[in-house]
Number of protein chains: 2
Amino acid sequence: MNTRLIRKLENFDRLSDEEKQFLEGAVVRARVVSKGEDIIREGDRPTESTVLLEGFAARYSLLRNGKRQITGLHVPGDFVDLHSFLVKKMDHAVLAITPCSVGFVPHETLREISENHPHLTRLLGVNIAVDAAIHRQWIVAMGRRSALEHAAHLLCEMFLRLRAVGLTEDDSFKLPLTQAELGDALGLSTVHVNRVVQDLRKERLITWRGETLVIDDWERLQELAEFDPTFLSFEVEPR
Amino acid sequence: MNTRLIRKLENFDRLSDEEKQFLEGAVVRARVVSKGEDIIREGDRPTESTVLLEGFAARYSLLRNGKRQITGLHVPGDFVDLHSFLVKKMDHAVLAITPCSVGFVPHETLREISENHPHLTRLLGVNIAVDAAIHRQWIVAMGRRSALEHAAHLLCEMFLRLRAVGLTEDDSFKLPLTQAELGDALGLSTVHVNRVVQDLRKERLITWRGETLVIDDWERLQELAEFDPTFLSFEVEPR
DNA sequence: CGCGGACTTGATAAGTTTCAAGGCAGGTGG
DNA sequence: CCACCTGCCTTGAAACTTATCAAGTCCGCG
């Protein structure tokens, strides 16, 4: 069921059959969340952590003036609130951008992992560490890259993350985001996102029609974004 | 020696005497790093994690065009690379903004903690989770707040973080940053930082002379920044 | 067929950067 | 002890990037 999660963790380090089985059993049930619905709300105090099994989700915060900032995009295999095991109260919400299927891992199970499965614990830690690295890349992109470079960077990131869980096909993948949502992730207005996307198209870097994004020139896209894949890097202390 | 670290972790949950002692022993030696020097360089593969004992440090990334983005500020008690235990290769560097004294915790010790000290492991996890929450706040601020609000937000954050480790005095604290460095943290040009700081002064929100920053009106500063301290919140699942 | 959501376009405004200078203060060497 | 130097802060003007406002257009779906 949570194939993507296992696949993702296997990018970090080999999993024993026993560990895989344990992970399978760790997800207690699944729920479908419809598009536009919150998977978790700000202020919630979950007693289980949520794994995204299918669909796209986004962490976001809302400001008083109605502006929204997306602070992370999530794809199948991602824990959307692994940290809620450690920090009780959600400091942000998570939204289903497409219809999503999610699974739940009771905090009790996570506690058991942290007490009796040091290797799995470390892998979950790597998961968190990679999330943090992604956050830092977003900060760099927001602070010091142009809108165009920033957008290119995000596309590079999504491509590699989706590939890591087997959700790309050659150079294309499903990117079921509206330009408005992309703007909320990049910190740009919808209008400007539109112009930036058109620039990427004019430069023959991407094709994006409907939900399908094709990377037409991976080299130049990376170059433009000054994208260094190391931060996602699945290069870890082996057990 | 690593009083600040212990103090910081105690904000998360009570530490037993045994745990405190263990932490004391975990820091193997200290080194002084002079101002402007890197504590850790990008690409390093440390075999120990570094705790900041005294001074201010900043994580940063450099872009080809020479621009620099600071992705996190660190104060005494902070681990600057706790994650290097899990993800071998540093994806960014850490700079001593002031003369710093740092201590080292061998990864071997961290591994032992992760295997035999579940409670300490969780506290270190909380540490990481709070860092991530700070990162998300930075993303929100960079994406959707004005330069003025963003600056105010950062000052609120620094005040509470320093207070948590006992480094404030009433409403004032040492902020040994140049405006250029602040700009690199906020993603703004030096000139604009200067104007923003002047606005904060004109509004009688802060006084900042030399290294001393006084918060003249905490209420209004928080209000302006739309600052919600929860994310730093030291509200955690007790052992 | 018509409606709504998403995308596109143009014009104008706002926010921020860049460039260029000047000022101030603390520290050093003559 | 003064002069100078250097790093940091400050100011103004002009340029650039991005946001906002206001219309359209396109397209899939009921």
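Just so we're clear, the structure is a prediction, and the values are computed from it rather than from any experiment.

Thoughts on the pattern of salt bridges
At step 1: What the rule picks out here adds up to 30 salt bridges over all chains.
At step 2: A salt bridge links Arg 29 of chain A to Glu 48 of chain A, with the shortest nitrogen-to-oxygen separation between them at 2.5 Å. Within this pair, whereas Arg 29 of chain A is found in the loop between α2 (17–26) and β1 (30–33), its partner Glu 48 of chain A is found in strand β3 (residues 48–54), the two being separated by 19 residues in sequence.
At step 3: Overall, Arg 29 of chain A belongs to the partly exposed group, its relative accessible area being 41%.
At step 4: Overall, Glu 48 of chain A belongs to the buried group, its relative accessible area being 18%.
At step 5: Across the pair Glu 226 of chain A and Arg 64 of chain B runs a salt bridge whose closest N-O atoms are separated by 3.6 Å. Pair noted here: Glu 226 of chain A is in the segment after α8 (218–225) and Arg 64 of chain B is in the loop between β4 (57–62) and β5 (68–74), and the two residues belong to different chains.
At step 6: Its relative accessible area of 54% is what places Arg 64 of chain B among the exposed residues.
At step 7: Salt bridges here are not isolated pairs; linked through shared partners, they connect Lys 8, Asp 78, Glu 157 and Arg 161 of chain A.

So, the sheet that holds β5 of chain B
Whenever strands of a sheet pair, they do so through backbone hydrogen bonds, lying parallel or antiparallel.
At step 1: With antiparallel pairing, the four strands of this open sheet are ordered in space as β2-β6-β4-β5 (chain B). With partners counted over all chains shown, the strands left at the sheet margins are β2 (38–40) and β5 of chain B, one partner each. Here the average twist between neighbouring strands, direction ignored, is 35°.
At step 2: Note that β2 of chain B and strand β6 (residues 93–96) of chain B share two bridges and pair antiparallel. Opposite Ile 40 of chain B, over in β6 of chain B, you have Val 94 of chain B as the bridge partner.
At step 3: Contacts between helix α4 (residues 118–144) of chain A and the sheet are confined to β4 and β5 of chain B, with β5 of chain B contributing the most and set at about 130° to the helix.

So, the UniProt feature "domain: Cyclic nucleotide-binding" (unreviewed entry) in chain A
At step 1: Residues annotated in UniProt with the feature "domain: Cyclic nucleotide-binding" (unreviewed entry) correspond here to residues 11–113 of chain A.
At step 2: Annotated as 18% helix and 37% strand, the span residues 11–113 of chain A places its first and last C-alpha atoms 19 Å apart.

Re the protein's contact with DNA strand D
Residue and element names in this part refer to chain B.
At step 1: Around DNA strand D sit 15 residues, and of these Gln 179, Asn 194, Arg 195, Gln 198 and Arg 201 come closest.
At step 2: A share of 69% is what sugar and phosphate atoms reach among the atoms of DNA strand D within 4 Å of the protein.
At step 3: Within the side chain of Arg 195, one N or O atom sits 3.0 Å away from a base nitrogen of DNA strand D.
At step 4: Broken down by element, the residue count for the surface near DNA strand D peaks at five residues, all from helix α7 (residues 190–202).
At step 5: Each residue belonging to the surface near DNA strand D can be placed in one class, and the counts come to four nonpolar, seven polar and four charged.

Side note on the protein's contact with DNA strand C
At step 1: Near DNA strand C lie 15 residues; those nearest to it are Gln 179, Asn 194, Gln 198 and Arg 201 of chain A together with Ser 189 of chain B.
At step 2: When atoms of DNA strand C within 4 Å of the protein are sorted by moiety, sugar and phosphate together comprise 69%.
At step 3: Gly 187 of chain B is positioned with one of its backbone polar atoms (N or O) 3.5 Å from a phosphate oxygen of DNA strand C.
At step 4: Within the side chain of Arg 195 of chain B, a nitrogen or oxygen atom sits 3.4 Å from a base oxygen of DNA strand C.
At step 5: Here the surface near DNA strand C gets five residues from one element, more than from any other, and that element is helix α7 (residues 190–202) of chain A.
At step 6: Residues of the surface near DNA strand C, tallied by class, amount to four nonpolar, seven polar and four charged.

As for the relation of the copies chain A and chain B
At step 1: Superposing chain A onto chain B takes a rotation of 180° combined with a translation of 0.0 Å along the rotation axis, leaving an RMSD of 0.0 Å. Taken together, the rotation and translation relating the two chain copies correspond to the operation of a two-fold axis.

Some details on the packing of helix α5 (residues 147–164) of chain A against helix α6 (residues 179–186) of chain A
All names here are of chain A.
At step 1: Axis separation between α5 and α6 bottoms out at 11 Å; the angle between their running directions is 100°. Overall, the two elements α5 and α6 adopt an arrangement that is roughly perpendicular. Each of His 150, Ala 151 and Leu 154 in α5 lies in contact with α6, whose residues at this interface are Leu 182, Ala 185 and Leu 186.
At step 2: Taken together, the residues of the contact of α5 with α6 break down into five nonpolar, one polar and no charged.

Looking at helix α4 (residues 118–144) of chain B
One turn of the α-helix equals 3.6 residues, which is why residues spaced by three or four share an orientation.
At step 1: Between its terminal C-alpha atoms α4 of chain B stretches 38 Å, which fits the 39 Å expected from 27 residues at 1.5 Å a residue.
At step 2: The element α4 of chain B is largely enclosed, with a buried count of 25 among its 27 residues.

Describing the interface of chain A and chain B
At step 1: Across the contact, 53 residues belong to chain A and 52 residues belong to chain B.
At step 2: For the pairing of chain A and chain B, the buried interface totals around 5,000 Å² over both sides, and the portion due to carbon and sulfur atoms is 57%.
At step 3: Our count for the contact surface shared by chain A and chain B stands at 10 salt bridges.
At step 4: Residue Asp 184 of chain A pairs with Arg 144 of chain B through a salt bridge whose shortest N-O separation is 2.7 Å.
At step 5: Taken together, the connections running from chain A to chain B amount to 19 residue pairs in polar contact (both at pLDDT 80 or more).
At step 6: Counting only elements with at least two residues in the side of chain A that touches chain B, the list comes to β4 (57–62), β5 (68–74), α3 (107–116), α4 and α6 of chain A.
At step 7: If one sorts the elements of the side of chain A that touches chain B by residue count, α4 of chain A sits on top with 16 residues.
At step 8: Looking at side-chain class alone, the side of chain A that touches chain B contains 20 nonpolar, 13 polar and 20 charged residues.

Quick notes on the domain arrangement of chain A
Residue and element names in this part refer to chain A.
At step 1: Assigned domains of chain A: these are domain 1 (3–117) and domain 2 (135–232).
At step 2: Computed over C-alpha atoms, the centres of domain 1 and domain 2 are 23 Å apart.
At step 3: Contacts between domain 1 and domain 2 engage 17 residues on the former and 20 residues on the latter.
At step 4: Between domain 1 and domain 2 the total buried area reaches about 1,600 Å² when both faces are included, carbon and sulfur atoms providing 62% of it.
At step 5: Viewed at the interface, domain 2 and domain 1 are joined by two salt bridges.
At step 6: Here Arg 68 and Asp 184 are joined by a salt bridge, their closest N and O atoms 2.8 Å apart.
At step 7: Seen at the junction of domain 1 and domain 2, the total is eight residue pairs in polar contact (both at pLDDT 80 or more).
At step 8: Secondary structure elements with two or more residues in the side of domain 1 that touches domain 2: α1 (3–12) and β5.
At step 9: The element contributing the most residues to the side of domain 1 that touches domain 2 is β5, with seven residues.

Scoring rules and cut-offs
- Residues numbered from 1 in each chain as written.
- Chains lettered and ligands numbered in written order.
- Predicted model: local features only at pLDDT ≥ 70, side-chain atom pairs only at ≥ 80, totals over all residues.
- Heavy atoms only, no water.
- Salt bridge = Lys/Arg side-chain N within 4 Å of Asp/Glu carboxyl O.
- Helix = DSSP H or I, 4+ residues; strand = E, 2+ residues; numbered from the N terminus.
- Buried < 20%, exposed > 50% of the residue type's maximum accessible area, 1.4 Å probe, protein only.
- Pairing = 2+ DSSP bridges.
- Axes fitted to C-alpha atoms, helices over the stretch in contact; angles between N-to-C directions.
- Contact = heavy atoms within 4.5 Å.
- UniProt positions renumbered as here; feature names shortened; annotations may be inferred.
- Near = heavy atom within 4 Å.
- Polar contact = N/O pair within 3.5 Å; in protein donor to acceptor, adjacent residues only side chain to side chain.
- Nonpolar A, V, L, I, M, F, W, Y, C, P; charged D, E, K, R; others polar.
- Least-squares fit on C-alpha atoms with pLDDT ≥ 70 in both.
- Parallel < 35°, antiparallel > 145°, perpendicular 65-115°, else oblique.
- Expected span 1.5 Å × (residues − 1).
- Buried area = accessible area lost by both parts, 1.4 Å probe.
- Domains from an automatic or database assignment.

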